[in-house]
Amino acid sequence: MSAPSTPASHAAMQRVADVCGDEADILALSVARFVAAGYMTSDVACWNAAFDGAEQLLGPAEGCRFVACVVAIVRALRAEREDDWSFMPASCCRVTGHECALVALIGRGRRRLWTDLEEAAAEITGRDAAPRLVAAVRAAVATLDAAAERLAPAACPHKVVLH
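Residues numbered from 1 in each chain as written. Predicted model: local features only at pLDDT ≥ 70, side-chain atom pairs only at ≥ 80, totals over all residues. Heavy atoms only, no water.

**Re the overall build of the protein chain**
Counting secondary structure elements, the protein chain contains seven helices and two strands. In the protein chain, the succession of α and β elements from N to C terminus is β-α-α-α-α-β-α-α-α. Each of the 163 residues in the protein chain was classed as buried or not, and the buried ones make up 42%. In the protein chain, 69% of the contacts between residues at least 6 apart in sequence involve partners at least 24 apart. (Helix = DSSP H or I, 4+ residues; strand = E, 2+ residues; numbered from the N terminus. Buried < 20%, exposed > 50% of the residue type's maximum accessible area, 1.4 Å probe, protein only. Contact = heavy atoms within 4.5 Å.)

And the structure:
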């Protein structure tokens with residue numbers, strides 16, 4: 001995993017809000033970024049930040065479960081992908097192509113598009129198949145969906161939604 005050295009053009013990079021379908025996708029991307037940063041720096045503070053953010057939004061039990069699911073996805077990605085993986089800092093509003101692929105992969109799982117999930121996982125890893133990554137995403141679906149329901153704008157009456 002690697003942080004991008006210098007993005008070719010910020011204008012060419014998509015924004016988090018354009019790539020993520022809902023608040024659960026945004027949280028999953030943020031957690032994945034913290035976890036990846038922790039792997040890159042060997043600093044446990046990165047992982048603590050992931051837990052702190054998820055627990056603040058979802059509560060201690062659901063936040064820990066959510067982070068564990070995303071960690072499993074990142075670990076599977078690291079195990080089955082041989083090439084580097086680029087990511088942005090957790091607070092960045094832009095996404096790399098690799099992050100777009102990860103969010104799309106998670107989306108396929110959340111929509112229960114199992115064949116598409118298997119094909120996308122193989123493509124992301126550069127292998128014929130990525131069973132560990134597929135299993136991690138499949139195992140995370142219920143937790144991601146529960147987080148989406150909890151984080152939905154209707155569940156948070158003080159939240160302003162602009163259209």
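**Things to note about empty space enclosed by the protein**
Per the stated rule, a full pass over the model turns up two cavities of 30 Å³ or more. Approximately 70 Å³ is the volume attributed to the largest cavity. Together, eleven residues line the largest cavity, and Ala-32, Arg-33, Ala-36, Trp-85 and Leu-102 are the ones closest to its centre. Listed by contribution, the elements that provide at least two residues to the lining of the largest cavity are helix H2 (23-41), helix H4 (60-80) and helix H5 (97-110). Looking at the lining of the largest cavity, the element that brings in the most residues is H2, giving four residues. Class assignment of the residues belonging to the lining of the largest cavity gives a composition of nine nonpolar, no polar and two charged. Space inside the second largest cavity adds up to approximately 30 Å³. Together, Asp-25, Ala-28, Leu-29, Ala-32, Leu-102, Val-103 and Ile-106 line the second largest cavity. (1 Å grid on protein atoms, 1.4 Å probe; cavity = no way out; pocket = protein on both sides within 12 Å on 5 of 7 lines; lining within 4 Å. Points joined across faces, edges and corners; volume = space filled by probe spheres on them. Nonpolar A, V, L, I, M, F, W, Y, C, P; charged D, E, K, R; others polar.)

**Focus on the packing of H2 against helix H3 (residues 44-58)**
Packing of H2 against H3 brings their axes to within 7 Å, and their N-to-C directions diverge by 160°. As the angle between them shows, H2 and H3 are arranged roughly antiparallel. Note that H2 runs across H3; the crossing there is left-handed. Only Cys-46, Trp-47, Ala-49, Ala-50, Ala-54, Leu-57 and Leu-58 of H3 make contact with H2, whose side of the interface consists of Leu-27, Val-31, Phe-34, Val-35, Ala-37, Gly-38, Tyr-39 and Thr-41. Of the residues that constitute the contact of H2 with H3, the class distribution is 13 nonpolar, two polar and no charged. (Axes fitted to C-alpha atoms, helices over the stretch in contact; angles between N-to-C directions. Parallel < 35°, antiparallel > 145°, perpendicular 65-115°, else oblique. Left-handed = near helix turned anticlockwise from the far one by under 90°.)

**A look at the environment of Ala-148**
Tracing the sequence through the fold places Ala-148 in helix H7 (residues 131-151). Residue classification places Ala-148 among the buried residues on the basis of a relative accessible area of 15%. Look past the residues within four positions of Ala-148 in its chain and what remains in contact with it is Asp-22, Ala-24 and Arg-110.

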